[in-house]
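Residues per chain, in single letters:
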Amino acid sequence: MPATRLFTNARLMLPGARAPEPGAILVRDGRIAAVGAGLHAEAEAHDCCGRLVTPGLIDCHTHLVFGGDRTAEFEMRLEGASYAEIAKAGGGIAATMRASRGLDVDGLVSAALPRLDALLAEGVTTVEIKSGYGLSVEAELDMLRAARRLATLRPVRVVTTWLAAHAMPPDFEGTKADYIRDVAIAGLAQAQAEGLVDAVDGFCEGIAFSADELEPLFVEARALGLPVKLHAEQLTRSGGTLLAARHGALSVDHLEYANAEDVAAMARAACVAVILPGAFYMLHEAQKPPIAECRTAGVPMAVATDCNPGSSPIASLLTAMNMAAVLFGLTVAECLDGVTVNAARALGLQDHVGRIVPGLRADLAIWDAERPAELVGRIGPNPLHTRVFDGEVFDA
């Protein structure tokens with residue numbers, strides 16, 4: 001395949017711009033070599049015909065690998081059951097644990113591929129995938145093995161996150177502290193030794209783990225040189241944001257019950273606030289994350305699908321962008337930044353992807369659209385024309 005490509009006649013969304021600018025992109029050996037008007041080079045030419053070109057989209061929070069189906073819980077919620085009530089009755093994460101443990105790595109890969117393909121069809125070029133439904137050392141490792149394999153089967157960048165501290169498995173004999181030590185921490189060392197893990201996460205909530213219970217896991221992660229992130233303040237104010245900020249977390253995710261103290265802590269620690277409107281929507285929540293406070297404090301906001309089998313069964317980043325705008329009041333520019341530059345920051349990849357600037361990987365999305373509002377303001381039609389991953393061109 002040609003090592004050099006020139007994308008001409010494009011409407012480029014460049015860093016800091018709030019409207020597309022005419023220009024061209026020169027790509028060489030998988031990286032952006034130059035950006036601007038009037039570029040010329042000996043290269044394979046691609047005429048964008050005036051189409052909108054953005055960075056490739058980044059879904060920075062997913063639970064894409066899992067087994068089973070939980071649509072029965074959707075019906076239960078329609079009849080009035082809460083997320084916490086379903087979890088206490090053996091549903092929720094525990095139900096997916098049982099289904100996921102019943103699959104080997106091949107089965108987990110096969111189950112995840114349709115969800116991954118749905119994201120790629122909307123211009124996603126980087127996706128984060130968490131473990132968290134195995135809840136034993138070997139089952140958690142299998143989830144990350146499956147995630148790594150997905151990156152060999154599709155042209156996509158996969159970032160893996162160790163989320164063994166997602167819930168207490170019903171079959172575990174011991175305390176939560178024992179589980180953190182014997183599964184979450186012990187398994188993390190194995191995951192790193194096998195090259196399976198890029199970051200460490202936990203679920204800080206009354207139905208999961210407290211900040212104090214998660215502290216040893218974060219201490220171990222940092223000792224291993226792994227960045228941390230955290231599900232926090234989703235259903236109640238758990239204090240998880242303060243824990244995450246103390247440990248210099250890449251991101252804090254959900255944040256519906258975060259307060260001014262939490263936002264200030266994120267700002268000081270340069271944490272990204274990952275906004276997950278899919279779970280808010282599916283769980284009929286009323287408490288919204290502190291969007292205005294994040295703006296005022298300068299906390300960057302990312303937007304992600306939270307794709308999972310129960311609380312956010314959404315494999316559409318475009319839909320998540322629309323939800324973030326309609327439900328939480330993000331602007332079009334904030335939504336686009338939320339799935340590009342800020343999503344890259346939430347994964348620690350800001351020097352590699354998420355912007356159209358020379359030196360970064362040539363991950364692009366070319367749209368049958370003139371302006372970003374067409375990506376955010378519609379539900380259903382998919383305007384993707386071409387996806388470019390590491391400089392290689394894939395037609396929609």
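Residues numbered from 1 in each chain as written. Predicted model: local features only at pLDDT ≥ 70, side-chain atom pairs only at ≥ 80, totals over all residues. Heavy atoms only, no water.

Stated formally: UniProt positions are given in the numbering used here, feature names are shortened, and annotations may be inferred rather than shown by experiment.
As annotated in an unreviewed UniProt entry, the chain carries the name Imidazolonepropionase and is attributed to Thetidibacter halocola. Regarding the chain, the relevant UniProt record gives this comment under Function (unreviewed entry): "Catalyzes the hydrolytic cleavage of the carbon-nitrogen bond in imidazolone-5-propanoate to yield N-formimidoyl-L-glutamate. It is the third step in the universal histidine degradation pathway." Under the Catalytic activity (unreviewed entry) heading, UniProt states for the chain: "4-imidazolone-5-propanoate + H2O = N-formimidoyl-L-glutamate".

A short note on the UniProt feature "binding site: Fe(3+)" (unreviewed entry) in the chain
Just so we agree on the cut-off: Buriedness for pockets is judged along seven lines, at least five of which must meet protein on both sides within 12 Å for an open set on the 1 Å grid over protein atoms alone, while cavities are sets there where a 1.4 Å probe fits but cannot get out, and lining residues have an atom within 4 Å of a point. Numbered from the N terminus, helices here are DSSP runs of H or I no shorter than four residues, and strands are runs of E no shorter than two. Whether two residues are in contact is decided by their heavy atoms: any pair within 4.5 Å suffices. Any pair of N or O atoms that falls within 3.5 Å is considered a polar contact. Within protein, one atom must be able to donate a hydrogen and the other to accept it, and sequence-neighbouring residues count only if both atoms are side-chain atoms.
Per the UniProt record, the feature "binding site: Fe(3+)" (unreviewed entry) sits at His61, His63, His231 and Asp306. In summary, the annotated positions, though distributed over 246 residues, converge in three dimensions, the widest C-alpha pair being only 12.2 Å. Lining residues of the largest cavity, restricted to the annotated ones just named, are His63, His231 and Asp306. Inspection of the secondary structure assignment puts His61 in the loop between β6 (57-59) and α1 (71-78). In contact with His61, not counting residues within four places along its chain, are Glu128, Lys130, His231, Asp253, Val274, Leu276, Ala304, Thr305, Asp306 and Cys307. Engagement of the side chain of His61 in a polar contact is seen with the side chain of His63, the distance being 3.2 Å. Structurally, the position occupied by His231 is in strand β10 (residues 229-232). In this view, His231 contacts His61, His63, Lys130, Leu163, Asp201, Gly202, Phe203, Cys204, Asp253 and His254; residues no more than four positions away in its chain are not counted. One polar contact links His231 to His63, side chain to side chain, over a distance of 3.4 Å.

Topic: the UniProt feature "binding site: 4-imidazolone-5-propanoate" (unreviewed entry) in the chain
Look at the UniProt record and you will see "binding site: 4-imidazolone-5-propanoate" (unreviewed entry) annotated at Arg70, Tyr133, His166, Gln234 and Ser311. As for the lining of the largest cavity, the annotated residues named previously contribute Arg70, Tyr133, His166, Gln234 and Ser311. Mapping Tyr133 onto the fold places it in the loop between β7 (124-130) and α5 (137-153). Position of Ser311 among the secondary structure elements: in the loop between β13 (301-303) and α12 (317-328). Not counting the four nearest positions on each side in its chain, Ser311 is found in contact with Arg70, Tyr83, Gly278, Ala279, Met282, Leu283 and Asp306.

Observations regarding the side chain of Asp262
Relative to the helices and strands, Asp262 is located in helix α9 (residues 260-269). Not counting chain neighbours up to four residues away, the residues in contact with Asp262 comprise Glu233, Arg237, Thr241, Leu242 and Tyr257.

A look at the nonpolar core
Basically, it comes down to this: Among buried residues, the Ala, Val, Leu, Ile, Met, Phe, Trp, Tyr and Cys ones that are joined through side-chain atoms within 4.5 Å form a nonpolar core. Only protein chains enter the accessibility calculation, which uses a 1.4 Å probe; a residue is then buried when its area is under 20% of its type maximum, exposed when over 50%, and partly exposed in between.
By size, the foremost hydrophobic cluster in this structure holds 94 residues, and its most contacted members are Val65, Trp162, Leu214, Leu217, Met266 and Trp367. The dominant element in this core, judged by the number of residues it contributes, is helix α4 (residues 105-120), at 8 residues. Val65 has contacts with Leu108, Ala112, Ile129, Tyr133, Met143, Ala146, Ala147 and Leu150, leaving out every residue within four places of it along the chain.

Some details on the layout of surface pockets
Formally: Grid points are joined across faces, edges and corners, and a volume is the space filled by probe spheres set on the points. Amino acid classes used here: Ala, Val, Leu, Ile, Met, Phe, Trp, Tyr, Cys and Pro are nonpolar; Asp, Glu, Lys and Arg are charged; the rest, including Gly, are polar.
One number sums up the size of the largest pocket: a volume of about 290 Å³. Ala87, Ala94, Ala167, Met168 and Ile207 are the residues nearest the centre of the largest pocket, which is lined by 19 residues in total. Elements with a minimum of two residues in the lining of the largest pocket: α2 (83-88) and α3 (93-101). The greatest single-element share of the lining of the largest pocket, amounting to 3 residues, is contributed by α2. Grouping the constituent residues of the lining of the largest pocket by class yields 12 nonpolar, 5 polar and 2 charged. Of the volumes computed, that of the second largest pocket is approximately 220 Å³. If you trace the second largest pocket, you find 17 residues lining it, with Leu14, Pro15, Gly16, Asp337 and Thr340 closest to the centre. With 4 residues, the single largest contributor to the lining of the second largest pocket is helix α13 (residues 332-338).

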